[in-house]
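Chains, contacts and geometry: an overview
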Amino acid sequence: MATVTHSSRLGNILWPTVAWMVAIVFFFPIFWMVFTSFKTNADAVKPEFLFSFTPTLENYANMAKNYDYWRFATNSVITSTFATLFALAVGVPAAYAMAFDPSARTKDVLVWMLSTKMLPAAAVLYPMTFLTKNMLGIFDTHFLVILVLCLINLPIVIWMLFTYFKEIPKEIIEAGKMDGVSTWGEIKDILIPLAWGASPRQPC
Amino acid sequence: MSKRTLPRLLQTPAVLLLLVWMLVPLSMTLFFSFIRYVLNSTVRPEWMTPSFTNWRGLGNYEYVLNAKDFWFAIQNSLLIVGSILVLTVILGLGIAVLINRSFPGRGIVRVLLISPFFVMPAVNAVLWINMILDPVLGLNGLAIGGINNVVDSLRDFPLLGHFFSLWPEFEPISFRATQTSAYAVIMMVTWQWTPFAVLIFMTSLQSEDESQKEAATLDGANAWSKFRNLTVPHLARPIAIVVMIQSIFHLSLYAEIEIVSRGNGNKNLPYLIGEFATNNIGAASATGIFAVILANIVAIFLLRMIGKSLMD
């Protein structure tokens, strides 16, 4: 037994240290990006200024002044917010039905949904441009970007919600049913709070 | 209202949306792939509008199959996806197990580990290729320069100096070059997607049966065999999900490849489509159909391999 306690005591120091080191390595590129953003162009490429330099906000001022930063940032926020909301509005009911009321075809439907994601975006790039520019007239609008982002990510949203819903014990839902909770009540008061950690975010 | 109506009703919007989303662009791509369709042509202006009179049959496919980069692009797509999958699953498993036990600062470690996943793909590529992997301006160049300096100073040592003076100067590897740009892409995408694997594995590890492990410990199993025979089988479903979702995402990588080398020596199918689509829509569409076929082959292969563990 002595060896066991000994090795676990060693492990209690060793493994957390390794974990911290791995975490620092993984975070380093992001740290480095933020760090470099406070250097001038000349300082950024000189090894002697790797850590000692005079921090400057020049880059941020330049970005806001010359690159129309806030317009692009607002665009990103608007499109990703609405795309996420739409995808959740469509995805939560679908994932709920598939997880708690599966039919014989549920598995096929799920795989098919994911397969729409396998269509490489570039393969339908030109048809999309053609359709939206020449026929629907919504090319280059927020609406189109929202729609495309929503549809591109919908399969992933449904899959993630589905896997999380599956881990929620059926008994909880059934207990809710016994207490006379409506379907919407089940989703709103039981599922969403439990699966909150799964609420997917758009990768853009 | 029958028992099945409500679940169907709830699924309908999602199914309909995805059906339209799949069928409309795909059938248009299919149509374009059989006709001559270019964006700019002074010689044959009639090819600039899509119509059945410009029917080319399988000509576009033949053209694409004979294009010099086609097979290279397929090979490269598979190389990139395969390497990223292997690396992220191995790293993800290791890290997930590492942070499964509680220790001081675990919350911070988790946040640090997951942060790369929230970096936008284009930012990721710019960050890695310019600031980390660049042979002159990046940390890669700086590190190699530092090693060279150390070796230089060692050359002045009395006895050992002779040995070190035999060493050549180290050359930093350029990751924009033809042979290495694929590795740069693999590196940066692995960095970004390992957190995804960690996230998924982490949630599953917490539902692992601890008493089973204790029993194994009493039976004299070592840590590796517990990991191999208890943890990995327990993680079969999450591994399946990670592999599925990632292979779908990485088959259509584009931003990273564009930024690292503009397709120089490192193309995948989507990139090839993009190149054709600057003018020859017919060929781009035919390549698109090939990309769809490749994606489906990969998907069928994956489903065969991991399909069972997906639904249990």
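Residues numbered from 1 in each chain as written. Chains lettered and ligands numbered in written order. Predicted model: local features only at pLDDT ≥ 70, side-chain atom pairs only at ≥ 80, totals over all residues.

**Quick word on the overall build of chain A**
Within chain A, the regular secondary structure consists of 9 helices and 0 strands. When the 204 residues of chain A are sorted by exposure, 26% land in the buried category. In chain A, the proportion of contacts linking residues at least 24 apart, taken out of those at least 6 apart, comes to 73%. (Helix = DSSP H or I, 4+ residues; strand = E, 2+ residues; numbered from the N terminus. Buried ≥ 20, exposed ≤ 12 C-beta atoms within 10 Å, placed from the backbone. Contact = placed C-beta atoms within 7 Å.)

**Thoughts on the overall build of chain B**
For chain B, the count of helices and strands is 14 helices and 0 strands. Along the chain direction, N to C, the helices and strands of chain B fall in the order α-α-α-α-α-α-α-α-α-α-α-α-α-α. The dimensions of chain B, computed from C-alpha atoms along their principal axes, are 80 × 70 × 30 Å. Across the 312 residues that make up chain B, the buried fraction comes to 34%. Taking all contacts inside chain B whose residues are at least 6 apart in sequence as the whole, residues at least 24 apart take part in 69%.

**Brief notes about the interface of chain B and chain A**
In this assembly, 61 residues from chain B lie in contact with 56 residues from chain A. When contributions to the side of chain B that touches chain A are tallied by element, the ones reaching two or more residues are α1 (5–33), α3 (70–98), α4 (106–114), α5 (121–132), α6 (139–154), α11 (236–251), α13 (269–276) and α14 (281–311) of chain B. Among the elements that make up the side of chain B that touches chain A, the one with the highest residue count is α1(B) (16 residues). Taken together, the residues of the side of chain B that touches chain A sort by class into 50 nonpolar, 10 polar and 1 charged. (Nonpolar A, V, L, I, M, F, W, Y, C, P; charged D, E, K, R; others polar.)

**Structural notes on the environment of A:Pro155**
Take A:Pro155: it is sitting in helix α7 (residues 142–167). Measuring from C-alpha to C-alpha, the distance between A:Pro155 and A:Leu119 comes to 12 Å, with 36 residues separating the pair along the chain. Discounting residues that sit within four places of it in the chain, A:Pro155 has contacts with A:Met113, A:Leu114, A:Thr116, A:Lys117 and B:Leu18.

**A few points about α5(B)**
Given a rise of 1.5 Å per residue, 12 residues ought to cover 16 Å, and the 15 Å separating the end C-alpha atoms of α5(B) matches this to within 8%. Within the span of α5(B), buried status applies to B:Asn124, B:Ala125, B:Leu127, B:Trp128, B:Ile129 and B:Ile132. (Expected span 1.5 Å × (residues − 1).)

**Some thoughts on the nonpolar core**
Core analysis: the biggest nonpolar cluster contains 107 residues, and A:Ala95, A:Ile158 and B:Val185 have the highest contact counts within it. Here this core gets 15 residues from one element, more than from any other, and that element is α7(A). If sequence neighbours within four positions are ignored, B:Val185 has contacts with B:Ile80, B:Leu253, B:Glu256, B:Ile257, B:Val260 and B:Asn266. (Core = buried A, V, L, I, M, F, W, Y, C linked by C-beta atoms within 7 Å.)

**Some remarks on the environment of B:Ile293**
Residues and elements named next belong to chain B. If you trace the backbone, Ile293 turns up in helix α14. Owing to 11 C-beta atoms within 10 Å, Ile293 belongs among the exposed residues under this scheme. A C-alpha to C-alpha distance of 31 Å links Ile293 and Phe118, two positions 175 residues apart in sequence.

Spatial relationships are all this shows, so hold off on functional conclusions.
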